[in-house]
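A look at the structure
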Amino acid sequence: MASTGDNTPPVTRRDEGAVAIITLDRPAARNSLSRAMLAALQATLDEVAADERIRCVVLTAEGPAFSAGHDLKEITARRADPDGGAGFFAETMAACSAVMQRVVTLPQPVIAAVEGVATAAGCQLAASCDLLVASERAKFCTPGVDIGLFCSTPGVAVARAVPRKAAMEMLLLGEMVPAAEAHRMGLVNRVVPAGTALPAALDLAQRIAARSAVALRMGKRGFNAQAALPLAEAYAAAGQVMVENLLAEDAAEGIGAFLGKRPAEWRHR
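Keep in mind that this is a model prediction, so the values were computed, not measured.

Next up on the list: the overall build of the chain. Scanning the chain from N- to C-terminus turns up 11 helices and 10 strands. Against the globule reference of 18 Å for 269 residues, the chain gives a C-alpha radius of gyration of 19 Å, in line with a compact fold. C-alpha atoms of the chain, sized along the principal axes, occupy 65 × 45 × 40 Å. Taken across its 269 residues, the chain has 44% of its residues classed as buried. For the chain, the proportion of contacts with a sequence separation of at least 24, taken over those separated by at least 6, is 68%. The averaged location of the 28 negative side-chain charges in the chain is 4 Å from the averaged location of its 27 positive side-chain charges.

Structure representation (structure tokens):
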């Protein structure tokens, strides 16, 4: 795992049963997405993806900020490169995009637990998650316009989480959006009292993890695939996922349990 340079991992993982809790752990840097942070997060997500014991993931952060986005000090330092930083900037955008896509393609559902602010690429990361639980004091924004840098890549995730005009308002104004407003827009699933975002997300994750792993994995993959397709193609793709799911052992068990009025015993296959 990549580190911050002081041998302290910028990302940590602990498991509670079938739930993996991934924590951004650079609070002094407001959990900015340095290259080391991105590499550590990518490695941790890949590790979780391969762990068949895990059925749901919670992504959280230490400190007052979920994430302040890209590490602007790191970016500024590379302007001294012979190419003005172009190569480093391209590599950084590619690394960040790979992490965001990994969250989406992770076999397990991912729930963001946001207690503080999530800005720029930090907002992008929260928006990329399947579900988002926010503290009532949480705030979200894409403030690139304030420093002459339109939040183009964060806009990809935000525009897939909220209506287009709401996304453009966030991107054009760069203003902080309180949790309650983010909930109204559809960016946030649930708003909870201050200090309870993580336990609320864990409760949700444990309830999800109690389901069949095969259904969860097929369901997330199928949902994301059909969402990008025209209506007829979406139904065809979703129908194929249903057939695949019906042939799984857990579907036979679940239907049998329902008809027999007994609890299902998932085999996760």
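Read on, since the account is not over.
Leu41, Leu59, Val114, Leu132 and Phe140 are the most contacted members of the largest nonpolar core, which totals 47 residues. For this core, the element with the highest residue contribution is helix α1 (residues 35-49), accounting for seven residues. Judged by nonpolar contacts, the second largest core, of 17 residues, contains Val58, Val133, Ala205 and Ala209.

A separate point is unusual backbone geometry. If you check the backbone angles, arginine 30 has positive phi at about 55 degrees while not being a glycine. Inspection of the secondary structure assignment puts arginine 30 in the loop between β2 (19-24) and α1. Phi angles above zero are rare outside glycine, and lysine 261 is one such case at about 55 degrees. Within the fold, lysine 261 resides in the segment after α11 (249-259).

The strands that make up a sheet are held in pairs by hydrogen bonds between backbone atoms, and each pair lies either parallel or antiparallel. The six strands lie next to each other as β1-β2-β3-β5-β7-β10, forming an open sheet whose pairing is mixed. Edge positions in the sheet fall to β1 (11-16) and β10 (190-192), since each has one partner strand and no second. Averaged over all neighbouring strand pairs, the angle between strand axes comes to 20 degrees, with direction disregarded. Looking at chain direction, β2 and strand β3 (residues 56-61) are connected through six bridges and run parallel. Note that in β3 the partner of threonine 23 across the bridge is threonine 60.

Next up on the list: helix α4 (residues 121-128). Counting buried positions along α4 yields eight of eight residues, so the element is predominantly enclosed. Among the residues of α4, Ala121, Gly122, Cys123, Gln124, Leu125, Ala126, Ala127 and Ser128 are the ones counted as buried.

With mixed pairing, the four strands of this open sheet are ordered in space as β4-β6-β8-β9. Every interior strand has two partners, whereas the edge strands, β4 (65-67) and β9 (177-178), have only one. The sheet contact formed by strand β8 (residues 139-141) and β9 spans two bridges and is antiparallel. When the bridges of β9 are listed, phenylalanine 140 appears paired with valine 177. Here α4 sits on the sheet in contact with β4, β6 (117-119) and β8, set at roughly 105 degrees to β6.

Enumeration over the complete set of coordinates arrives at zero disulfides. Cysteine 151 supplies the cysteine sulfur nearest to cysteine 96, a cysteine that is in no disulfide, at a spacing of 11 Å. Here cysteine 96 falls in the buried class, since its relative accessible area comes to 2%. The thiol of cysteine 123 is not disulfide-bonded; the next cysteine sulfur, from cysteine 141, is found 7.1 Å away.

Attention now goes to the packing of α4 against helix α5 (residues 152-159). Running from amino to carboxyl end, α4 crosses α5 at an angle of 25 degrees, the nearest separation of the two axes being 8 Å. In terms of axis orientation, α4 runs roughly parallel to α5. Classified by chirality, the crossing of α5 by α4 is left-handed. Where α4 approaches α5, its residues Ala121, Cys123, Gln124, Ala127 and Ser128 are matched on the opposing element by Thr153, Pro154, Ala157 and Val158. Taken together, the residues that form the contact of α4 with α5 break down as six nonpolar, three polar and no charged.

Turning our eyes to something else, we now look at the environment of cysteine 56. When you line up the elements, cysteine 56 lands in strand β3. Since its relative accessible area comes to 0%, cysteine 56 is described here as buried. When neighbours within four sequence positions are excluded, cysteine 56 is seen to be in contact with Ala18, Val19, Ala20, Gln108, Pro109, Ile111, Ala205, Ile208 and Ala209.

The rules behind each value
- Residues numbered from 1 in each chain as written.
- Predicted model: local features only at pLDDT ≥ 70, side-chain atom pairs only at ≥ 80, totals over all residues.
- Heavy atoms only, no water.
- Helix = DSSP H or I, 4+ residues; strand = E, 2+ residues; numbered from the N terminus.
- Rg over C-alpha atoms; globule rule 2.2 N^0.38 Å.
- Buried < 20%, exposed > 50% of the residue type's maximum accessible area, 1.4 Å probe, protein only.
- Contact = heavy atoms within 4.5 Å.
- Lys, Arg positive; Asp, Glu negative; His and termini not counted.
- Charge placed at Lys NZ, Arg CZ, Asp CG, Glu CD.
- Core = buried A, V, L, I, M, F, W, Y, C linked by side-chain atoms within 4.5 Å.
- Pairing = 2+ DSSP bridges.
- Axes fitted to C-alpha atoms, helices over the stretch in contact; angles between N-to-C directions.
- Disulfide = S-S within 2.5 Å.
- Parallel < 35°, antiparallel > 145°, perpendicular 65-115°, else oblique.
- Left-handed = near helix turned anticlockwise from the far one by under 90°.
- Nonpolar A, V, L, I, M, F, W, Y, C, P; charged D, E, K, R; others polar.

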